[in-house]
Amino acid sequence: MLQAVIVDDEIKALQSLTWELTNFSDEINVIASFTNPHDALEYLEKNTPDCLFLDIEMPTMDGFQFIQKLTNKNFPVVITTAYNQYALKAIKNEALDYLLKPIDTDDLENTIAKIKKFNNKNFSVEKLEMAMLNFNSRSIHKRITLNTDGKLLFLESDEILYAESDGNYSTIFLTDGQKIVLTKKLKEVNELLPSDSFFRIHNSYIINLNKIKEFLKTDGYVVLKSNHKIPVSRQKKSDFLDLL
């Protein structure tokens, strides 16, 4: 069940919205409600609900000012108002959705679906970040043998940053700046690399998990310690989470 917070300066409007949310859907539980936006801000600094329903027309602080003052923005905001002229501004302020009072049942169901989708996506991102943090605490070094240019090349796992596909060829990028071109497809290279240190995070890339420095949630990239940006595909993200 979604845990919701409501902020509306009018007590009757707040009670009405609470009733609408709890009676129109069995998927929402209102855990806190506020008529004073300052009290709401203080509460949200220490608590993270699944969603926030926020009125726009408030005398001491309007809804958009409220959003700007939020220090914790790890939850979707749904604008609720009796006026439809705020729709564009709501979008510009990164609100997840916009509901007109009185709230229509179908509109509410659509909003709930958006909230659940948003939270599921963020949960996956958080899970991925935690997996990366846990992995970086490990120290795994295995020797890798590569056949290139008529010779066998022996490498430690820690020497490899990532591998990139180029059709029937692959290029391995090393920490010292060298590049090794192999006459192998990336799938074959992936089979040579230890699965506990390397992961094919994209159809065109395999990364050394020990070399991850950052994960850019919005852009969908990992940044390696070498500052190379590697894209994370949607399909591979799920496999990555299963692996870890």
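Residues numbered from 1 in each chain as written. Predicted model: local features only at pLDDT ≥ 70, side-chain atom pairs only at ≥ 80, totals over all residues. Heavy atoms only, no water.

The chain carries the name Two component transcriptional regulator, LytTR family in an unreviewed UniProt entry, which gives Maribacter arcticus as its organism.

Enquirer: Can you walk me through the sheet that holds strand β8 (residues 160-166) in this structure?
Expert: Whenever strands of a sheet pair, they do so through backbone hydrogen bonds, lying parallel or antiparallel. An order of β10-β9-β8-β12-β11 is seen for the five strands of this open sheet, with the pairing classed as antiparallel. The open sheet has two edge strands with one neighbour each: β10 (179-182) and β11 (198-202). Recorded for the sheet is a direction-independent mean angle of 20 degrees between the axes of neighbouring strands. As paired elements, β11 and strand β12 (residues 205-208) share three bridges and run antiparallel to each other. Opposite F199, over in β12, you have I207 as the bridge partner. (Pairing = 2+ DSSP bridges. Helix = DSSP H or I, 4+ residues; strand = E, 2+ residues; numbered from the N terminus. Axes fitted to C-alpha atoms, helices over the stretch in contact; angles between N-to-C directions.)

Enquirer: What is the right way to read the environment of D196 from this model?
Expert: Tracing the backbone shows D196 in the loop between α6 (186-192) and β11. Its relative accessible area of 26% is what places D196 among the partly exposed residues. When the C-alpha atoms of D196 and L209 are compared, they prove to be 8.4 Å apart, with 13 residues separating the residues in sequence. (Buried < 20%, exposed > 50% of the residue type's maximum accessible area, 1.4 Å probe, protein only.)

Enquirer: What is the right way to look at the UniProt feature "modified residue: 4-aspartylphosphate" (unreviewed entry) in the chain in this model?
Expert: Residues annotated in UniProt with the feature "modified residue: 4-aspartylphosphate" (unreviewed entry) correspond here to D55. The topology assignment puts D55 in strand β3 (residues 51-55). Once residues lying within four places of it in the same chain are set aside, the contact partners of D55 are V7, D8, D9, G63, T80, T81 and K101. (UniProt positions renumbered as here; feature names shortened; annotations may be inferred. Contact = heavy atoms within 4.5 Å.)

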